[in-house]
Amino acid sequence: MASNLIRKLVLSSVLFFTTAASAETFVFTAIPDEDQTKLVERFSGVADYLSEQLNVDVRYIPVKSYAAAITAFRNNQVQLAWFGGLSGVQARRLVPGSEAIAQGVEDEAFETYFIANTNSGIKPADKLADLKDQLQGKTFTFGSKGSTSGRLMPEFYLRDTFGKKPEDFFSRVGFSGNHTRTLRLVEAGTYDVGALNFQVWNKELGDGSIDTDSVQVIWKTPAYPDYQWTIRGDVNERFGEGFKQRVTDALLNLKDPALLESFPRSGFIPASDDDYEPIRKTAEEIGILD
Amino acid sequence: MFSSPTVRTSLIFLAIAVVGLFFADIAITTANPWQDLGNFFLGIVTPNFFSSEGLMTALLRTVAFAFVGVVSGGICGFLLALVYRFLPVRMFCAFIRAIHELFWALIFLQFFGFHPLTGVLAIAIPYAGIFAKVYSEILEEADPEPGRVLPPGTGNITAFLYARIPDCWVKMRTYTAYRLECGLRSSAILGFVGLPTLGFYLEASFSQGLYSDAGAMLILFYVLIATMPLWVRPKLLPIYVLGAPFFLGEGLPIVWGNVQRFFTEDIVPAPLRNGDGLTGLMPWLSDLMINEAMPGIWNTIVLTQIALVATGILSLLAFPLISNHFGGPIRRGAGHVLLVITRSTPEYILAYILLQLWGPSMLPAIVALALHNGGIIGHLIGRQTSSIELRSDTVQGFNRYSWELVPRVYRSFLAFLFYRWEIIMRETAILGILGIYTLGFYVDSAIQNIRFDRAMVLILVTALLNIGVDTLGRYIRRKLALQTMPTC
């Protein structure tokens, strides 16, 4: 029984390997920054589009954490990824030859919104420093631990403005997991204050799915670069000469309004690694990157 | 009464938990916790079985991973049990079972990625350690008499197969079947880190507040576990075991270079990797110990001790639900259903649900651990009381409970509780992944920051803490002369 089982196991893993290798499926992933249903809807659309444009099988793999997206990219189990600013920097550091190829129009000047439950009595302000007394001792939630707009930038501005670690400034600090969760938790009053991706806020607001009597924006960060498509350096060897360029062109030419709306972005524009230098420096400063 | 060592031990643990409560972060932070809880139960009674086309596949995968993981763990565990008398083997087994399935999964995800092997090994490795221990205990207790009557010159293997195995076979079979149920729970929660089992969909539905979808998944899972005696039949087992490997799903191909990189680069402490040598290692290690390991250990211990006592109290309250000394068959039937539900729901899923409903603090974790473990111990103790014959003119109601039954089962109750001490701690550590500041929180943070060197040190600390509690638990059980059978 034992030997049989082992044989089956070995056989099946060989089978996985060969089917995947012969079909040469182009696999991509994305950081799970929003609700699963939305991600699957959005990226299966992208997979269909890319498959049509590139004439190869394209598959989207949903993952459960930002780190899992980075790891899958690093391990060459996916060749392309929709990363946030920070996850992109982390991934490109780990995979020599990989590069940022496209970003959303909005990603050149991305923002984080600080939002507060109206019962907390916190009033909006133009400067974060003006909110010191109102914020001190409140409860606060970031998004995912690896998020740029949900963790890195808000943590940077909190430390920079108040000179303290968030845990020492607020009475309770949590990580909701993603932006939609942050919105829901602050709306429900589980946390007094939260920080989230401004595009998620705007989209939910536009869809009418925010109870504006319960939650409001209290502060907006200055602009910084965020999301981008990052591709591995070795795709040309595997999928043929000029493949990287074809993927880049396909992404830049993505004009389907419904698909763009699902991101939500108004379009994609070229990007380079250098665009994300400010993110790398910030991450080093607060000790997320060595 | 206070001179009795069992009572004294109980009171000491109770006192530790009460002191722990002063240090613990216990709060309900959501604005409408009861409304959310109400919505959740509404979801359970209005299940939506057609929400996701992936649901049936997820159930199939959950069963497949459980079978392949438990069977491979069982085979390896049996082989290890044969050499269990050697100290290094015992230490090795204690070490691999001290690391939770989810931690193993997180480790393998880093180099095997989403390949089925990740899920199989995550179950098989810790289970091998547990199987080795329990099988060796069963083999040791076997009656030596049949071996003595064998003719001289009988080979070791023949003697083992004909004189030892037959005596142990029933016990080993019972225990293995029991582990299979545990395997289903382990397999389900692997979905929370991204493997294609039930937890994957459960997490997605829950975080979006789709309680009817989540309710359907939970109900299907309970049905799967409750009907195990019907579909796990000796004759069908070979079919399941041989078939299961084909239903693990495709996953993504393994790139073997990643394995080498993980062991030769990723987990090497950063100062050594960067060539700073031992002078750089000390500050790195002390930073890790002071800022992450110490707070993690403290919170893990505080939460474990409170959850342990809460489990004990709940077990004592729960066992009359199924004991045939109280109530009629209808009430007992309802009690059985309730206890099956609490013990079939993995702590991790219970804690996840309660965290969504009540907000993050230690409270959801305590309640989840107490419900699950209290369900298990309550069930075992309740069954034990049913076999006790009381005099026909004995007292009724509360007096029967407090003066007749509890004193009779108290020792085995304590034995189960101390046996589960280590299991509760292992779970407490892992619940950190959900955002409670136990060791798992820091392990998860290190992994999220792609710092596997730090994650490995913290997992090692967690394992050592577990081994410590396991040893202490065994010492107390020996000291109080408590005997128990293994539970998971």
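Position labels on residues start from 1 in each chain and follow its written sequence. Chain letters start at A and ligand numbers start at 1, both assigned in the order the entries are written. Predicted model: local features are reported for residues with pLDDT of at least 70 only, side-chain atom pairs are reported and counted for 80 or more only, and whole-chain, interface and lining totals are derived from all residues. Only hydrogens and water are set aside; all other atoms, that is, all heavy atoms of the structure, feed into the side-chain values.

Per an unreviewed UniProt entry, chain B goes by ABC transmembrane type-1 domain-containing protein and derives from marine sediment metagenome. UniProt positions are given in the numbering used here, feature names are shortened, and annotations may be inferred rather than shown by experiment. One UniProt comment on chain B, placed under Subcellular location (unreviewed entry), says "Cell membrane".

Taking an unreviewed UniProt entry as the reference, chain A is identified by name as Selenate ABC transporter substrate-binding protein belonging to Marinobacter antarcticus. Turning to chain A, the UniProt annotation filed under Sequence similarities (unreviewed entry) states: "Belongs to the phosphate/phosphite/phosphonate binding protein family."

**Q** Honestly, the sheet that holds strand β10 (residues 228-231) of chain A in this entry has me stumped. Any pointers?
**A** Backbone-to-backbone hydrogen bonds join strands into a sheet, with any given pair of strands oriented parallel or antiparallel. All names here are of chain A. Note: two strands are recorded as paired if DSSP finds a minimum of 2 bridges between them. Helix and strand definitions follow DSSP, with helices as H or I runs of at least four residues and strands as E runs of at least two, each counted in order from the N terminus. If you trace the 6 strands from one edge of the open sheet to the other, you get β2-β1-β3-β10-β4-β11, paired in mixed fashion. Where the open sheet ends on each side, the last strands, each with one partner, are β2 (58-61) and β11 (268-270). Each strand of the sheet is rotated relative to its neighbour by a mean of 25°, with strand direction disregarded. In this structure, strand β4 (residues 99-104) lies alongside β10, joined through 3 bridges in antiparallel fashion. Note that in β10 the partner of E99 across the bridge is I231. In what follows, residue pairs with any heavy atoms lying within 4.5 Å of each other are defined as contacts. Each axis is a line fitted through C-alpha atoms, and for a helix only the stretch in contact is used; angles between axes span 0 to 180 degrees, taken between their N-to-C directions. Packed onto the sheet, helix α11 (residues 243-252) meets β1 (26-30), β3 (80-83), β4, β10 and β11 and runs at close to 10° relative to β4.

**Q** So what exactly am I meant to see when it comes to the environment of A307 of chain B here?
**A** Residue and element names in this part refer to chain B. You can see A307 is positioned in helix α15 (residues 277-318). Look at A307 and you get buried, because its relative accessible area is 0%. Sequence separation of A307 and T9 is 298 residues, and the distance between their C-alpha atoms is 16 Å. Discounting residues that sit within four places of it in the chain, A307 has contacts with I366, L369 and I424. Working definition: with a 1.4 Å probe on protein chains only, accessible area under 20% of the residue-type maximum means buried, over 50% means exposed, and in between means partly exposed.

**Q** Explain the interface of chain A and chain B here, please?
**A** Many structure descriptions define interface size as the accessible area lost when the parts assemble. Facing the 43 residues of chain A at the interface are 54 residues of chain B. We count a salt bridge whenever a side-chain nitrogen from Lys or Arg sits within 4 Å of a carboxyl oxygen from Asp or Glu. The interface formed by chain A and chain B contains 4 salt bridges. Residue D266 of chain B is joined to R74 of chain A by a salt bridge in which the shortest nitrogen-to-oxygen separation is 2.7 Å. Whenever a nitrogen or oxygen atom comes within 3.5 Å of another N or O atom, the pair is scored as a polar contact, on the condition that within protein one atom can donate a hydrogen and the other can accept it, and that pairs from neighbouring residues in sequence are kept only if both atoms are in side chains. Inspection of the region where chain A meets chain B yields 22 residue pairs in polar contact (both at pLDDT 80 or more). Mapped onto the side of chain A that touches chain B, the elements with two or more residues apiece are α1 (2-23), α2 (36-54), β2, α3 (66-74), α4 (85-94), β7 (172-175) and α8 (179-188) of chain A. If one sorts the elements of the side of chain A that touches chain B by residue count, α1 of chain A sits on top with 10 residues. Think of it as three bins: nonpolar holds Ala, Val, Leu, Ile, Met, Phe, Trp, Tyr, Cys and Pro, charged holds Asp, Glu, Lys and Arg, and polar takes everything else, Gly as well. Of the residues contributing to the side of chain A that touches chain B, the split by class is 21 nonpolar, 13 polar and 9 charged.

**Q** Any chance you could explain the packing of aromatic side chains here in plain terms?
**A** Remark: the centre distance and the inter-plane angle together describe each pair of aromatic rings, the angle taken between the planes. Here a Phe, Tyr or Trp ring, Trp counted by its six-membered ring, pairs with any other such ring whose centre lies within 6.5 Å, and the pair is stacked when the planes are under 30 degrees apart, edge-to-face when over 60, and tilted otherwise. Overall, the coordinates contain 67 aromatic pairs over all chains when judged by the stated rule. Arranged with centres 5.8 Å apart and planes meeting at 65°, the rings of Y113 of chain A and F198 of chain A form a pair that is edge-to-face. One end of the pair, Y113 of chain A, is in strand β5 (residues 112-117); the other, F198 of chain A, is in helix α9 (residues 198-206), and 85 residues separate them in sequence. Arranged with centres 5.4 Å apart and planes meeting at 25°, the rings of F319 of chain B and Y401 of chain B form a pair that is stacked. Of this pair, F319 of chain B sits in the loop between α15 and α16 (329-344) while Y401 of chain B sits in helix α19 (residues 397-431); the two residues are 82 residues apart in sequence, bridging distant segments of the chain. Residue F319 of chain B is classed as buried on the basis of its relative accessible area of 0%. A ring is scored as having a charge over it whenever the NZ atom of a lysine or the CZ atom of an arginine sits within 6 Å of its centre and within 35 degrees of its normal. The ring of F200 of chain B has K64 of chain A lying over it, and the distance from NZ or CZ to the ring centre is 4.1 Å.

**Q** Explanation requested: the domain arrangement of chain B in the structure shown.
**A** All names here are of chain B. One can read the domain layout of chain B as domain 1 (1-31 + 267-488) and domain 2 (50-255). Domain ranges listed in this record stem from an automatic or a database domain assignment. Placing the centre of domain 1 and that of domain 2 at their C-alpha centroids yields a distance of 22 Å. Counting from both sides, the interface comprises 35 residues of domain 1 and, opposite them, 30 residues of domain 2. Note on definitions: buried area is the accessible-area loss of two parts on being combined, 1.4 Å probe, summed for both. Summing the contributions of domain 1 and of domain 2, the shared interface buries around 3000 Å²; its carbon and sulfur component is 75%. Taken together, the links from domain 1 to domain 2 amount to 2 salt bridges. We note a salt bridge from R426 to E101, for which the minimum N-O separation is 3.8 Å. One can count 6 residue pairs in polar contact (both at pLDDT 80 or more) joining domain 1 with domain 2. For the side of domain 1 that touches domain 2, the elements supplying multiple residues, two or more each, are α16, α17 (347-358), α18 (362-386), α19, α20 (439-448) and α21 (452-479). Tallying contributions element by element places α21 first for the side of domain 1 that touches domain 2, with 9 residues.

**Q** How should I be thinking about the confidence of the model for chain B in this particular structure?
**A** The predicted structure's coordinates, where accompanied by low pLDDT, should not be read in detail. Confidence per residue, as judged by the predictor, is encoded in pLDDT with a range of 0 to 100. For chain B, per-residue confidence averages 91 on the pLDDT scale, and residues scoring 70 or more make up 98% of the total. Two summary scores accompany this predicted model of the complex, namely pTM at 0.89 and ipTM at 0.83.

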